[in-house]
Amino acid sequence: MAQATPRSTVEAAVRPIRKRPKPLPWPLSLYQTYVGKKWVMAITGVIGLLFVAGHMFGNIKMYMGEQEFLHYAEGLRTVAYPIVPEKFLLWVARLGLLGALVLHLHAAFSIWNHNRKVRPVGYQSRRDYIAADWASRTMLWTGPIILLFIAFHLADLTWGVEAVNPDFQSGEVYQNVVASFSRWPVATIYIVANVALGIHIYHGAWSLFQSLGVNNPQINQGRRIFAALFALAIVAGNVSFPLAVLLGIVE
Amino acid sequence: MKFTLKVWRQDGPEAKGRFETYEANNISDEMSFLEVLDVVNEDLIHAGQVPIHFDHDCREGICGSCGMMINGQAHGPQRGTATCQLHMRKFQDGATIVVEPWRAASFPIVRDLVVNRSAFDRIIEAGGFVSVNTGSAVEANTLPVPKQVADAAMDAAQCIGCGACVAACPNGAAQLFTSAKLQHLNLLPQGQAERWERTENMVETMEEYFGTCTNHGECETACPKNISIDFIAYMNRDYIKAKSLNRKLAGQGLE
Ligand code: HEM
Ligand code: SF4
Ligand code: FES
């Protein structure tokens, strides 16, 4: 019988899509590979989680009245004072958070940039995902929303940029919050951004255990629950503030 | 049973592919998916046409060559099953089934449903072995291995290198394969001597060819051997250690 199968003449060659990096000295070497970058992402993510948890918890003080809230704001500026200069630890924290944010963003960008090269021809039929959930597949959307929100939030209540918060008065922390959240478009931005943050955390606070290699049958069940509760607590707390102002509970 | 198959046909690596539609009649529900392709190919051959190319060898779920995307899922709808062991009773009679090859830059299509998986071999060559002369087997009690460790190593060793994890992953990452091939050795006493070099070399070779993991967990559901993403976590931990340890002290667990 005739050979029914004409053979293809072109070889399906496999070529690397990335060069293996020349090792830099430790600890920079940790950041040269994507497994290492993901580790940095998880560490900086934990810093972010600690920050948002502390930030949310501190803001609950606004339910205890203007005096308490102002006192709390004052307290942040004078942590460990007079052992260290006033605002010293505040600035240490600010710079640390900025550094963590920059690393987190760079790692995210670099991972995205690598992963977009690995499937030049995509599936031509519909994919049917089983495990990859909505949260895990929108990290690259919720992340930038959070970034934009961070910029807006700083302009609104830290720097008091005229165009964002015209009633801003330096030092009047409580009144600034009330003035800002009384405007419903601003309140909406806060609510939407914090829901995005909650979705980001729902995946991130689970994912970081894998990236750091924290995996033990004793706790594996708890990791998903932890992430869900963490996300829920942050969203519930942070969304309650603009709602409380809009409803006149905080005024 | 009767099925309509929409199968990806591509004449060579550089050729433009297309879906072609075939009817498969008189299919028994006890047939495997590959046997249905055999039936379609019989018809094609009788009609003087080129049969559908697909990879297969053992047809009992151990060689890892029969991977294909079936209705958007690697190895089709049944969990923990390779295409060769997927039976037609899993499908509705009269259904239309779409079949496509794995898609990844490092799994180039050879023809139709056949892809070149030799990038996996590059990862194995980088350290997926134990290079000591073991001689004849030692007396079992000289190398105590806790039961849980032996079980975990055996779970990892089940990987058949089919590539479903890469194919299913939204990032085209090979973390599940690499971690399985790494940890079945790293967990056992015989794997300790080369543990840190192996980890470093296999992970870094993996990154030359594949995407990187963002913990979707999709690979685990696609894997015909139910390899767990726990191994990816172990690999991540071993990699950071491999980069940071004083290897001069690594021999006796002194690190
Ligand atoms: C500033 C904007 C942000 C962007 C653009 C961003 C982006 C990302 C991206 C793309 C991922 C990776 C997802 C993946 O690979 O699966 C990620 C992971 C993560 N993010 Fe963010 N993120 C941002 C802010 C934050 C903040 C404020 C937090 C703190 C709550 C945070 C916590 C985390 C955590 C914990 C992870 C998981 C790390 C891991 O899987 O190892 N992110 N982020
Ligand atoms: S880990 Fe599972 S899906 Fe990946 S190559 Fe091995 S057997 Fe196939
Ligand atoms: S043909 Fe060997 S695993 Fe399917």
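Here we summarise the structure given alongside this text.

Reading the values: rules and limits
Per chain, residue numbering runs from 1 following the sequence as it is written. Key to labels: chains lettered from A, ligands numbered from 1, both in the order written. Totals for whole chains, interfaces and linings use every residue, but because this is a predicted model, local features are given only for residues with pLDDT of at least 70 and side-chain atom pairs only at 80 or more, for both listing and counting. The basis for every side-chain value is the complete set of non-hydrogen atoms in the structure, without hydrogens or water. Only heavy atoms matter for contacts: two residues are in contact if any of them lie within 4.5 Å across the pair. Using a 1.4 Å probe, buried area is obtained as the accessible area two parts lose upon being combined, added over both of them. Throughout this description, the term salt bridge denotes a Lys or Arg side-chain nitrogen within 4 Å of a carboxyl oxygen of Asp or Glu. Here a polar contact is recorded for every N or O atom pair within 3.5 Å, except that within protein the pair must consist of a potential hydrogen donor and a potential acceptor, and residues adjacent in sequence are included only if both atoms are side-chain atoms. Comment: elements are numbered from the N terminus, with helices defined as DSSP H or I runs of at least four residues and strands as E runs of at least two. For this classification, Asp, Glu, Lys and Arg are treated as charged, while Ala, Val, Leu, Ile, Met, Phe, Trp, Tyr, Cys and Pro are nonpolar and the rest, including Gly, are polar. A donor here means an N, O or S atom no more than 2.8 Å from the metal, or no more than 3.2 Å when the metal is Na, K or Ca. Since water is not included, a site may seem to lack partners. Donor angles set the geometry label: tetrahedral for four donors if every angle is between 85 and 135 degrees, square planar for four and octahedral for six if opposite donors exceed 155 degrees and the others are between 65 and 115, irregular for anything else. Computed over the protein atoms alone on a 1 Å grid, cavities are sets of points where a 1.4 Å probe fits but cannot get out and pockets are open sets with protein on both sides within 12 Å along at least five of seven lines; a residue lines them when it has an atom within 4 Å of a point. Grid points are joined across faces, edges and corners, and a volume is the space filled by probe spheres set on the points. Note on classification: 1.4 Å probe, protein chains only; a residue is buried when its accessible area is under 20% of the maximum for its type, exposed when over 50%, partly exposed between these limits. The nearness test applies per residue and asks whether one of its heavy atoms lies within 4 Å of the molecule or strand.

**Structural notes on the interface of chain A and chain B**
Contacts between the two partners involve 56 residues from chain A, matched on the other side by 68 residues from chain B. For the pair chain A and chain B, the summed buried area comes to about 4,900 Å², and 56% of that belongs to carbon and sulfur atoms. Summed over the three residues of chain A that lose the most area to chain B, namely Val14, Arg20 and Val35 of chain A, the buried surface amounts to 14% of that side. At the boundary of chain A with chain B, the tally comes to 2 salt bridges. Taking the shortest distance from any N to any O, the salt bridge between Arg20 of chain A and Glu204 of chain B comes out at 2.9 Å. At the surface where chain A touches chain B, the tally comes to 35 residue pairs in polar contact (both at pLDDT 80 or more). Put simply, the parts of the chain that give the side of chain A that touches chain B at least two residues each are helix H1 (34-59), helix H3 (88-115), helix H4 (134-137) and helix H7 (184-212) of chain A. Element by element, the count of residues in the side of chain A that touches chain B is highest for H7 of chain A, at 6 residues. Split by residue class, the side of chain A that touches chain B holds 25 nonpolar, 18 polar and 13 charged.

**Describing the coordination of the iron atom of ligand 1**
Residue and element names in this part refer to chain A. Ligation of the iron atom of ligand 1 by protein atoms is provided by His104 (NE2) and His200 (NE2), these donors lying 2.1 Å from the ion. If you look at the iron atom of ligand 1, its 6 donor atoms make angles of 83 to 179 degrees with each other, and the shape they trace is octahedral. Taken together, the positions of His104 in helix H3 and His200 in helix H7 put the pair 96 residues apart, joining distant regions of the chain.

**Some thoughts on the layout of surface pockets**
Quantified by volume, the second largest pocket comes out at close to 510 Å³. As for the second largest pocket, its lining consists of 21 residues, of which Val121 of chain A together with Gln10, Pro13, Pro108 and Ile109 of chain B are closest to the centre. Taken together, the residues that form the lining of the second largest pocket break down as 13 nonpolar, 3 polar and 5 charged.

**Here we look at the pattern of salt bridges**
All names here are of chain B. Evaluated as defined, the whole model comprises 18 salt bridges over all chains. Its salt-bridge partner being Asp38, residue Arg59 comes within 2.7 Å of it at the nearest N-O pair. Here the residue Arg59 occupies a position in the loop between helix H1 (33-46) and strand S3 (69-70), and Asp38 occupies one in helix H1, the gap between them amounting to 21 residues. By relative accessible area, Asp38 is classed as partly exposed at 26%. Where Glu194 meets Arg198, a salt bridge forms, and the shortest distance between an N and an O atom there is 3.8 Å. What makes Arg198 buried here is its relative accessible area of 2%.

**A look at empty space enclosed by the protein**
Residues and elements named next belong to chain B. Evaluated as defined, the whole model comprises 5 cavities of 30 Å³ or more. What the largest cavity holds in volume is close to 110 Å³. Lining the largest cavity are 16 residues, and of these Cys169, Cys213, Gly217, Cys219 and Ile232 sit closest to its centre. Looking at the lining of the largest cavity, the elements that each hand over two or more residues are helix H5 (175-186) and helix H7 (218-222). Per-class residue counts for the lining of the largest cavity are 9 nonpolar, 6 polar and 1 charged. What lines the second largest cavity is a set of 13 residues, among which Cys159, Gly161, Cys162, Cys165 and Cys223 lie closest to the centre. Partitioned by chemical class, the residues of the lining of the second largest cavity number 10 nonpolar, 2 polar and 1 charged.

**Let's talk about the site of ligand 1**
Taken together, 26 residues lie near ligand 1, and His104, His200, Ser207 and Ser211 of chain A together with Thr214 of chain B sit nearest. More than one chain lines the surroundings of ligand 1; the residues nearby belong to chains A and B. Contact distances for ligand 1 include 3.1 Å between an oxygen atom and a side-chain N or O atom of Lys38 of chain A. Within the contact set of ligand 1, an oxygen atom lies 3.4 Å away from a side-chain nitrogen or oxygen of His203 of chain A.

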